[in-house]
Amino acid sequence: MKKLSIRTSQRCELVDVTGPVARELAADNFSGLCLVYVPHTTAGVVINENADPSVPLDISGFLEELVPHRRSWRHLEGNADSHVKASLVGNSVLIAVEGGKPQLGTWQGIFFCEFDGPRSRQIWLRTVSAD
Amino acid sequence: MKKLSIRTSQRCELVDVTGPVARELAADNFSGLCLVYVPHTTAGVVINENADPSVPLDISGFLEELVPHRRSWRHLEGNADSHVKASLVGNSVLIAVEGGKPQLGTWQGIFFCEFDGPRSRQIWLRTVSAD
Amino acid sequence: MKKLSIRTSQRCELVDVTGPVARELAADNFSGLCLVYVPHTTAGVVINENADPSVPLDISGFLEELVPHRRSWRHLEGNADSHVKASLVGNSVLIAVEGGKPQLGTWQGIFFCEFDGPRSRQIWLRTVSAD
């Protein structure tokens, strides 16, 4: 398993990690599937548009409104909303890889979703080869 | 990678693609996993009930209410809500396949989730064999 | 495909199934990926914190508020909300496995998400080996 480290800078933000993920995969001529896995419980990962930077801002902004930071939560560490946001977005994406290249749609990028930052975070990559 | 083409007819709708996906997988006696991947940023894919057609209508109807088309979005192309909806639903599902047959629960079907149609769209299928 | 059976006790609850899943995987020295798949349409699965039991309660409680049981749904079986909740959370997670051990983050557990219980339910496990 390969492990990438990233540093986030906001409480709630989407960080484009397409480049770092692609660089890890470029090392060999691998074809198959790659699991992009976030080992945290207050962060997630999503695939969406990375051309216009307003798109990830709209996604994180909507989630901030939908799941309020302050309300009557049971979990008392001040980040119950972060756990809920992570559950809605999901903690992994799966992508196809051909000859070391991630097979993404034209406008797609991979975003690490920080919901309780700023923090040092990890992304795990696990590949399986196709026939 | 196999690529399916579909044509959607509404701005926001769930299209049952279980049949087309199953037909692609039936070609060989493959067993393993199949990634059903949507390469778009304003569409997704979900597994849910395809017996009563009111179920996919309730899912798309709820999402339309939850993420309004018109409000103050940063992304100015008129489809910011579509990107958000796609992020909530996710852009891929993963299914097991045994002897060329998708292993779905009794009531489960695979739905392409259109959030910015009508459009011509693609679904990518990538398989890896099990031992 | 391995199939686990569980019994849920509430209409809407998150049940920690990390232990049962890990026990299934411990049998052999397998390394690769494991699909944890829910074959139902009113239930899902999510990875989040299983240290403080208030976290899963906040997640299920938020979903109950977000997607009301009673409102004007088209699907008339009294569980339209359950289908929507399942679509938001997703019906599978994918995890890496090394030497028979699920590779989860420090605070992560796997939760079966019941949205229309109490019921007898299944979880399917399908693995593919890595090189």
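Coordinates for the structure precede this section.
Residues numbered from 1 in each chain as written. Chains lettered and ligands numbered in written order. Predicted model: local features only at pLDDT ≥ 70, side-chain atom pairs only at ≥ 80, totals over all residues. Heavy atoms only, no water.

1. Brief notes about the overall build of chain A
Looking only at helices and strands, chain A has three helices and eight strands in total. For chain A, the spread of C-alpha atoms along the principal axes amounts to about 50 × 30 × 25 Å. Expressed as a percentage of its 131 residues, the buried residues of chain A come to 60%. Here the analysis covers contacts within chain A between residues at least 6 apart in sequence; of these, 84% occur between residues at least 24 apart. Of the roughly 5000 Å² that chain A leaves accessible, carbon and sulfur atoms contribute 47%. A distance of 8 Å separates the average location of the 13 positive side-chain charges in chain A from that of its 15 negative side-chain charges. (Helix = DSSP H or I, 4+ residues; strand = E, 2+ residues; numbered from the N terminus. Buried < 20%, exposed > 50% of the residue type's maximum accessible area, 1.4 Å probe, protein only. Contact = heavy atoms within 4.5 Å. Areas by Shrake-Rupley, 256 points an atom, 1.4 Å probe, with all protein chains shown as cover. Lys, Arg positive; Asp, Glu negative; His and termini not counted. Charge placed at Lys NZ, Arg CZ, Asp CG, Glu CD.)

2. Describing the nonpolar core
Ranked by internal contacts, the top residues of the largest apolar core, which has 84 residues, are Val 36 and Ile 110 of chain A, Val 36 and Ile 110 of chain B together with Val 36 and Ile 110 of chain C. When sequence neighbours within four positions are dropped, the list of residues in contact with Val 36 of chain A reads Val 21, Val 45, Asn 91, Ser 92, Val 93, Ile 95, Ile 110, Ile 123, Trp 124 and Leu 125 of chain A. Cys 12 and Val 55 of chain A together with Val 46 and Phe 62 of chain B belong to the second largest nonpolar core, which has 54 residues in total. (Core = buried A, V, L, I, M, F, W, Y, C linked by side-chain atoms within 4.5 Å.)

3. Some points on the environment of Glu 24 of chain C
Residues and elements named next belong to chain C. On the secondary structure map, Glu 24 appears in helix H1 (residues 18-25). Residues Glu 24 and Gly 100, spaced 76 residues apart in sequence, show a C-alpha to C-alpha distance of 8.8 Å. Apart from the residues lying within four places of it in its own chain, the contact partners of Glu 24 are Lys 2, Leu 4 and Leu 125.

4. A short note on the relation of the copies chain A and chain B
Expressed as a screw operation, the relation of chain A to chain B combines 0.0 Å of axial shift with a rotation of 120°, fitting to an RMSD of 0.0 Å. Given the turn and translation reported, the copies of this chain are related as if by a three-fold rotation axis. For chain A, the minimum C-alpha distance to the rotation axis belongs to Leu 88 of chain A and amounts to 3.6 Å. A share of only 15% of interface residues in chain A that are also interface residues in chain B marks the association as one of differing surfaces. (Least-squares fit on C-alpha atoms with pLDDT ≥ 70 in both.)

5. Re the relation of the copies chain A and chain C
Two chain copies, one operation linking them: a rotation about an axis together with a shift along it. Screw-axis analysis of chain A against chain C gives a translation of 0.0 Å along the axis, an RMSD of 0.0 Å, and a rotation angle of 120°. Interface residue correspondence from chain A to chain C reaches only 18%, placing this contact among heterologous pairings that use different surfaces.

6. Side note on unusual backbone geometry
Most peptide bonds adopt trans geometry, and most residues besides glycine take a negative phi value. The omega torsion across Gly 117 of chain A and Pro 118 of chain A is 0°, close enough to zero to call that bond cis. Here Pro 118 of chain A lies in the loop between strand S7 (108-114) and strand S8 (120-129).

7. Looking at the side chain of Asp 116 of chain A
Residue and element names in this part refer to chain A. Its place among the elements puts Asp 116 in the loop between S7 and S8. Of note is the side chain of Asp 116, whose polar atom sits 2.9 Å from the side chain of Asn 79. If we skip the residues at most four places from it in the chain, Asp 116 touches Arg 11, Thr 42, Asn 79, Ser 82 and Arg 121. (Polar contact = N/O pair within 3.5 Å; in protein donor to acceptor, adjacent residues only side chain to side chain.)

8. What to know about the sheet that holds strand S4 (residues 43-49) of chain C
Residue and element names in this part refer to chain C. The strand order across the open sheet formed by three strands is S2-S7-S4, and the pairing between neighbours is antiparallel. This sheet does not close on itself; its edge strands, each paired only once, are strand S2 (13-16) and S4. Averaged over all pairs of adjacent strands, the angle between strand axes in this sheet comes to 35°, irrespective of strand direction. Across four bridges, S2 lies against strand S7 (residues 108-114) in antiparallel orientation. Across the sheet, Val 15 pairs through a bridge with Phe 112, a residue of S7. (Pairing = 2+ DSSP bridges. Axes fitted to C-alpha atoms, helices over the stretch in contact; angles between N-to-C directions.)

9. Description of the side chain of Ser 54 of chain C
By the element assignment, Ser 54 of chain C lies in helix H2 (residues 54-66). A polar contact is formed between the side chain of Ser 54 of chain C and the backbone nitrogen of His 75 of chain A, at a distance of 3.4 Å. Not counting residues up to four positions away in its chain, the partners in contact with Ser 54 of chain C are Arg 74 and His 75 of chain A.

10. Remarks on the interface of chain A and chain C
Chain A puts 28 residues into the contact, and the matching count from chain C is 34 residues. In this assembly, chain A and chain C are joined by two salt bridges. The closest approach of N and O atoms between Arg 71 of chain A and Glu 65 of chain C, which form a salt bridge, is 3.2 Å. The set of elements that each furnish at least two residues to the side of chain A that touches chain C consists of strand S3 (32-37), helix H3 (80-89), strand S5 (92-98) and S8 of chain A. Top element by residues in the side of chain A that touches chain C is H3 of chain A. It accounts for six residues. Within the side of chain A that touches chain C, the residues separate by chemical class into 16 nonpolar, nine polar and three charged. (Salt bridge = Lys/Arg side-chain N within 4 Å of Asp/Glu carboxyl O. Nonpolar A, V, L, I, M, F, W, Y, C, P; charged D, E, K, R; others polar.)

11. Focus on the sheet that holds strand S6 (residues 101-102) of chain A
Residues and elements named next belong to chain A. With antiparallel pairing, five strands are arranged side by side in an open sheet as S1-S8-S3-S5-S6. Among the strands making up the open sheet, the edge pair consists of strand S1 (2-7) and S6. Pairing between S5 and S6: two bridges, direction antiparallel. Residue pairing in the sheet places Val 97 in a bridge with Pro 102 of S6. Relative to the sheet, helix H1 (residues 18-26) contacts S1, S3, S5, S6 and S8, its axis offset from that of S1 by approximately 155°.

12. Description of the pattern of salt bridges
Within the structure shown, the criterion is met by 22 salt bridges over all chains. Put simply, Arg 126 of chain C and Glu 98 of chain B hold a salt bridge, and the shortest N to O gap is 2.6 Å. Placement of Arg 126 of chain C in strand S8 (residues 120-129) and of Glu 98 of chain B in strand S5 (residues 92-98) is noted, with the two residues assigned to different chains. On the accessibility criterion, Glu 98 of chain B (25% relative accessible area) is partly exposed. Where salt bridges share partners, they join Arg 11, Asp 81, Lys 85, Asp 116 and Arg 119 of chain A into one cluster.

From the geometry alone we can't say anything about function, so treat these as descriptive.
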